[in-house]
Amino acid sequence: MDLLALVDFNLVARHGGFGKAARATLRPKATLSRRVAELEASLNLRLFERSARALKLTQEGRALHERSSALLLELDETTATVASGGTRPRGRLRISAPLLFSQTAMGKIAGQFALKFPEVNLEVTAEDRGVDMIEEGYDLAIRVNPAPDESLVGRVFLRDRLVVVASPSLLRGPVDAMVPAVVRGGDAQIETWRVVTPAGTSDLTAKPILRLSSLLMIRDAVRAGVGAARLPISLVMHDIAAGRLVHWADVDGPQITLWALYPSRRLLSARVSAFLAFLKAAFPEGTPDELADYIAQR
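About the cut-offs
- Residues numbered from 1 in each chain as written.
- Predicted model: local features only at pLDDT ≥ 70, side-chain atom pairs only at ≥ 80, totals over all residues.
- Heavy atoms only, no water.
- Helix = DSSP H or I, 4+ residues; strand = E, 2+ residues; numbered from the N terminus.
- Rg over C-alpha atoms; globule rule 2.2 N^0.38 Å.
- Buried < 20%, exposed > 50% of the residue type's maximum accessible area, 1.4 Å probe, protein only.
- Contact = heavy atoms within 4.5 Å.
- Areas by Shrake-Rupley, 256 points an atom, 1.4 Å probe, with all protein chains shown as cover.
- Phe/Tyr/Trp six-rings, centres within 6.5 Å; stacked < 30°, edge-to-face > 60°.
- Lys NZ or Arg CZ within 6 Å of the ring centre and 35° of its normal.
- Pairing = 2+ DSSP bridges.
- Axes fitted to C-alpha atoms, helices over the stretch in contact; angles between N-to-C directions.
- Core = buried A, V, L, I, M, F, W, Y, C linked by side-chain atoms within 4.5 Å.
- Expected span 1.5 Å × (residues − 1).
- Salt bridge = Lys/Arg side-chain N within 4 Å of Asp/Glu carboxyl O.
- Parallel < 35°, antiparallel > 145°, perpendicular 65-115°, else oblique.
- Left-handed = near helix turned anticlockwise from the far one by under 90°.

### A word on the overall build of the protein
Consideration 1: Counting its regular elements, the protein contains 10 helices and 13 strands.
Consideration 2: The C-alpha atoms of the protein give 25 Å as radius of gyration, which overshoots the globular expectation for 298 residues (19 Å, by more than 25%).
Consideration 3: Judged by the C-alpha coordinates and their principal axes, the protein covers about 80 × 45 × 30 Å.
Consideration 4: Put simply, the protein has 298 residues, and 41% of those count as buried.
Consideration 5: In the protein, the proportion of contacts linking residues at least 24 apart, taken out of those at least 6 apart, comes to 74%.
Consideration 6: When the accessible surface of the protein is split by element, carbon and sulfur atoms take 54% of a total near 16,100 Å².

### What about unusual backbone geometry?
Consideration 1: Within the chain, Leu 26 stands out as a residue other than glycine whose phi angle is a positive 60 degrees.
Consideration 2: For Leu 26, a relative accessible area of 77% gives the class exposed.

### Regarding the packing of aromatic side chains
Consideration 1: Under the definition given, this model contains nine aromatic pairs.
Consideration 2: Centroid distance Phe 157 to Phe 283: 6.2 Å. Interplanar angle 40 degrees. Geometry classified as tilted. Note that Phe 157 is positioned in strand 6 (residues 152-160) and Phe 283 in the loop between helix 9 (270-282) and helix 10 (288-296), a separation of 126 residues in sequence. Neither residue differs from the other here; Phe 157 and Phe 283 are each classed as buried.
Consideration 3: Grouped by ring-pair contacts, the aromatic residues Phe 101, Phe 157, Phe 283 and Tyr 294 constitute a single cluster.
Consideration 4: Across from the ring centre of Tyr 138, 4.2 Å away, lies the NZ or CZ of Arg 94, which sits over that ring.
Consideration 5: A cation sits over an aromatic face here: Lys 108 above Tyr 294, 4.6 Å from the ring centre.

### Observations regarding the sheet that holds strand 13 (residues 256-263)
Consideration 1: Spatial strand order, 4-3-5-13-6: five strands in an open sheet with mixed pairing. A single partner strand is all that each edge strand has here, and the edge strands are strand 4 (120-126) and strand 6. Adjacent strand axes in the sheet meet at a mean angle of 20 degrees when their direction is disregarded.
Consideration 2: Lying on the sheet, helix 5 (residues 99-116) is in contact with strand 3 (91-97), strand 4, strand 5 (140-144), strand 6 and strand 13; it crosses strand 4 at an angle near 170 degrees.

### What to know about the nonpolar core
Where a protein is soluble and globular, its nonpolar side chains tend to be buried together.
Consideration 1: The biggest cluster of nonpolar side chains holds 44 residues, and the ones touching the most others in it are Phe 101, Ile 109, Phe 157, Phe 275 and Phe 283.
Consideration 2: Once you skip the residues sitting within four places of it in the chain, Ile 109 turns out to touch Phe 101, Phe 275, Phe 278, Leu 279, Phe 283 and Tyr 294.
Consideration 3: Core analysis: the next-biggest nonpolar cluster, separate from the first, contains 16 residues, Leu 6, Leu 32, Val 36 and Leu 57 among them.

### Digging into helix 5
Consideration 1: Its 18 residues give helix 5 an end-to-end C-alpha distance of 24 Å, which sits within 8% of 26 Å, the value for a rise of 1.5 Å per residue.
Consideration 2: Buried within helix 5 we find Phe 101, Ser 102, Thr 104, Ala 105, Met 106, Ile 109, Ala 110 and Phe 113.

### Some thoughts on the pattern of salt bridges
Consideration 1: Tallying each qualifying case throughout the model produces 15 salt bridges.
Consideration 2: Here Asp 8 makes a salt bridge to Arg 35, at a shortest N to O gap of 2.8 Å. Taken together, the positions of Asp 8 in helix 1 (residues 3-15) and Arg 35 in helix 3 (residues 29-43) put the pair 27 residues apart, joining distant regions of the chain.
Consideration 3: Classification of Asp 8 by relative accessible area gives buried; the value is 2%.
Consideration 4: When salt bridges that share partners are traced, they join Arg 219, Asp 220, Arg 223, Asp 239 and Arg 244 into one network.

### Overview of the environment of Leu 279
Consideration 1: Mapped onto the elements, Leu 279 comes out in helix 9.
Consideration 2: The exposure class of Leu 279 is buried, given its relative accessible area of 1%.
Consideration 3: Put simply, Leu 279 and Phe 113 are 166 residues apart on the chain and 9.5 Å apart in space, counted from C-alpha to C-alpha.
Consideration 4: With residues near it in sequence (within four places) discarded, Leu 279 still touches Ile 109, Ile 142, Phe 157 and Ala 260.

### Some details on the packing of helix 7 (residues 215-223) against helix 8 (residues 233-242)
Consideration 1: In the contact formed by helix 7 and helix 8, the axes pass within 11 Å of each other and the chain directions differ by 25 degrees. By the angle between their directions, the pair helix 7 and helix 8 is classed as roughly parallel. The two elements helix 7 and helix 8 meet at a crossing, and its hand is right-handed. The residues of helix 8 that touch helix 7, namely those facing Leu 215, Leu 216, Arg 219 and Arg 223, are Leu 235, Val 236 and Asp 239.

Here it is as structure tokens:
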């Protein structure tokens, strides 16, 4: 495959047409058209659907653009790094992070990172949905207990656990009593929470009386005494220590792990490597206590 033809194909795909690409790069339109035609011939594939008024990527063309554009960018960054004789992070860094982590810690992390690496154009999007990193152009995604994905690699940088907490004003009844609860989304059906106490494992019957979409809102509602809730220990650790909340029990279930994920590529860009190292420095032990300290500084 002609690498220069692949570069020109990505230029046309990114700008949405031969004329637009030619004007943006000051390249002859005829040259770009010829290079793309040669690439199509070598692959025996049509990469663009052409009409008098529009140029649209075919399914094969879109797949080639999504996969090759990131590789070409990485190659360009690698050659620039070698030419400059250094490994200074630079360029655009797009990160997707879950809402709670973004609200409690990401602002400080992003600000400190931007001060340390001013040549990196950092962009963080707070969202809990699963993103397609390659298709949506993300360099890094922070996710909670992500499902296995063969196209991604990553590492755990934080661990947490769920606990049941309530305001001191909410008295805990007998073991079989129904507990008023604040829950995240869902419906108003009664829930059973499997919990662990020094006395052993048991069930709490929780009746949702308030449904909220944010864990921060749930914590604040629990502080007000409206009901009990299951929350990450990092989010309520300082409230428990200060007496604003009471720790009823640990939730019986898997540990919460926060992963930093990135596309499975052999070469990792300097800016992604720098951010991964920055996360490690911010949470050297990866414990809930370290995240709780970040949250307390809000």
